[in-house]
Amino acid sequence: LDAKGRVSIPASFRAALRRANEGDGGGLVLRPSHQYDCIEGWPETTFTALAQRLRPLGLFNAAQDNFALAIYADAYTMEADKEGRIVLPEGLVAHAKLSETVVFLGAGQTFQIWEPAGAERRLAEAREAAKALSLAEGIA
């Protein structure tokens, strides 16, 4: 993370964004995770599809209002520059407690941006939880 708040998206993540957005460009949505101290990165088409899941709740439904605010209020749509860099909004940097070094973690259809120690802890937690689940369900 440079002094201007820019970070380079790893090339493999940029390629995945292009594929996920199916020729619609490499649009990216960043938002604070509501579960962890990290930033979530979503392909724009995947994030847009999320809105479809909220529609059955109805426009004036309290649950829909809460979900919509939690998901969309702090979301930022952006495009990477020709070098694959994006500028992280200050609020997201503060939420994730980022400094000079950041870690990108792939999470299937999305990715996460972490400060290194937090990424290490979260990855260890996820591996332990997955291991416990696979043992409990006989998946090895």
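The rules we used
Residues numbered from 1 in each chain as written. Predicted model: local features only at pLDDT ≥ 70, side-chain atom pairs only at ≥ 80, totals over all residues. Heavy atoms only, no water. Helix = DSSP H or I, 4+ residues; strand = E, 2+ residues; numbered from the N terminus. Contact = heavy atoms within 4.5 Å. 1 Å grid on protein atoms, 1.4 Å probe; cavity = no way out; pocket = protein on both sides within 12 Å on 5 of 7 lines; lining within 4 Å. Points joined across faces, edges and corners; volume = space filled by probe spheres on them. Pairing = 2+ DSSP bridges.

This brings us to the side chain of T110. The residue T110 is located in strand β7 (residues 110-114) in this model. With sequence-adjacent residues up to four places away left out, T110 is seen in contact with G41 and W42.

Okay, the layout of surface pockets next. For the largest pocket, the calculated volume is near 160 Å³. Along the wall of the largest pocket there are 13 residues; nearest its centre are A16, G108, Q109, T110 and F111. Every element with two or more residues in the lining of the largest pocket is listed here: α1 (11-20), β3 (39-43), β6 (103-107) and β7. Examining the composition of the lining of the largest pocket, we find that 5 residues originate from one element, α1, more than from any other.

Here we take up the pairing of β6. Across 5 bridges, β6 lies against β7 in antiparallel orientation. Bridge pairing in β7 places F104 opposite I113. Hairpin connection, β6 to β7: the antiparallel pair is bridged by 2 residues, and G108 has positive phi, about 75 degrees.

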